[in-house]
Amino acid sequence: MRVEPFRLASLIEDELGAVGDASGELASLEGAISEVSSRIDYGDSEAYRSYRRYLKDVRLPAVRLQHDYLLALRCDLRADLSRVTGELSWGDTVVDSEVLRARIVARRDAIRRLGSVSDALTPFVPLAALAVDALADAYRDEVYRLQDRLDRLEAYGRDASLYGASSSYAGALGASARAMGSVVKDPATGAYDLSGVDLSW
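About the criteria used
- Residues numbered from 1 in each chain as written.
- Predicted model: local features only at pLDDT ≥ 70, side-chain atom pairs only at ≥ 80, totals over all residues.
- Heavy atoms only, no water.
- Helix = DSSP H or I, 4+ residues; strand = E, 2+ residues; numbered from the N terminus.
- Rg over C-alpha atoms; globule rule 2.2 N^0.38 Å.
- Buried < 20%, exposed > 50% of the residue type's maximum accessible area, 1.4 Å probe, protein only.
- Areas by Shrake-Rupley, 256 points an atom, 1.4 Å probe, with all protein chains shown as cover.
- Lys, Arg positive; Asp, Glu negative; His and termini not counted.
- Charge placed at Lys NZ, Arg CZ, Asp CG, Glu CD.
- Salt bridge = Lys/Arg side-chain N within 4 Å of Asp/Glu carboxyl O.
- Phe/Tyr/Trp six-rings, centres within 6.5 Å; stacked < 30°, edge-to-face > 60°.
- Contact = heavy atoms within 4.5 Å.

Caption draft 1: Broad picture of the overall build of the protein. Along the backbone of the protein there are six helices and four strands. The order of helices and strands in the protein, counted from the N terminus, is β-α-α-β-α-α-α-α-β-β. A compact globule built from 201 residues should have a C-alpha radius of gyration of about 17 Å, whereas the protein, at 30 Å, is more than 25% larger. When each of the 201 residues of the protein is scored for burial, the buried share is 30%. When the accessible surface of the protein is summed, it comes to about 11700 Å², and 55% of that surface belongs to carbon and sulfur atoms. Across the protein, the 25 positively charged side chains and the 32 negatively charged ones have centroids separated by 1 Å.

Caption draft 2: Just the pattern of salt bridges, in detail. One pass over the structure, following the stated rule, counts 17 salt bridges. The shortest N-O distance in the salt bridge between Arg83 and Asp159 comes to 2.2 Å. Remark: Asp159 occurs in the loop between helix H4 (126-157) and helix H5 (164-167) and Arg83 occurs in helix H2 (residues 46-88); sequence separation between them is 76 residues. Judged by its relative accessible area of 16%, Arg83 falls in the buried class. Residues Glu154 and Arg101 are paired through a salt bridge, measuring 2.0 Å at the closest nitrogen-oxygen approach. Remark: Arg101 occurs in helix H3 (residues 97-121) and Glu154 occurs in helix H4; sequence separation between them is 53 residues. For Glu154, a relative accessible area of 22% gives the class partly exposed.

Caption draft 3: Main features of unusual backbone geometry. A positive phi angle, near 60°, is found at Tyr163, a position not held by glycine. Tracing the backbone shows Tyr163 in the loop between H4 and H5.

Caption draft 4: Seen up close, the packing of aromatic side chains. Counting across every chain of the model gives five aromatic pairs. With a centroid separation of 6.4 Å and an interplanar angle of 45°, the aromatic rings of Tyr48 and Tyr51 are classed as tilted. With a gap of three residues between them, Tyr48 and Tyr51 both fall in helix H2, about one helical turn apart. Looking at Tyr48, the relative accessible area reads 13%, which means it is buried. A relative accessible area of 28% places Tyr51 in the partly exposed class. The structure contains a cluster of three or more aromatic residues connected by ring pairs, namely Tyr48, Tyr51, Tyr54 and Tyr192.

Caption draft 5: Spatial organisation of the side chain of Ser118. Structurally, Ser118 is set in helix H3. By relative accessible area, Ser118 is classed as buried at 4%. Apart from residues lying up to four places away in sequence, Ser118 is in contact with Ala129, Val132 and Asp133.

Listed below in structure tokens is the structure:
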């Protein structure tokens, strides 16, 4: 797995901005639909009454659902941004699991070699052996840090809960789109027929 944390964070921030804009537009649309659907002074024809029913029963719930989805998506994006900036940003431009694994293997091999060198030096040059042991300890610390980074990167990559809140809206959004598409308008009278609309969503 390969991640560019700074670029990914920037993309998420851009998406957050777009979601915020869309959410504001939907809130305005929701208010406008709500106002029109409750107005009775525009007329009392069957066509207008059916239009108001369409707005109240189909259009307004669909807009509210889309708005709720965007709010959930914003929460998911913020959580993702927090993880990327908090768990994956170590100052590296690119974080690559294969590179991390290779560095861990190389350091472990070096630790084994240094152990052999230390064993050979101890009887003859104990101070040099201590210096080799110190280097091996530094490599062990590095392996620990690298393994921690690798674990966090892989956990991020396989985390099924990322965008869980917003993805839970997929079924309802699909159903609302089908409901909107099943509304029939009589071209002669202008009346809206909602008899074939499934409003169970």
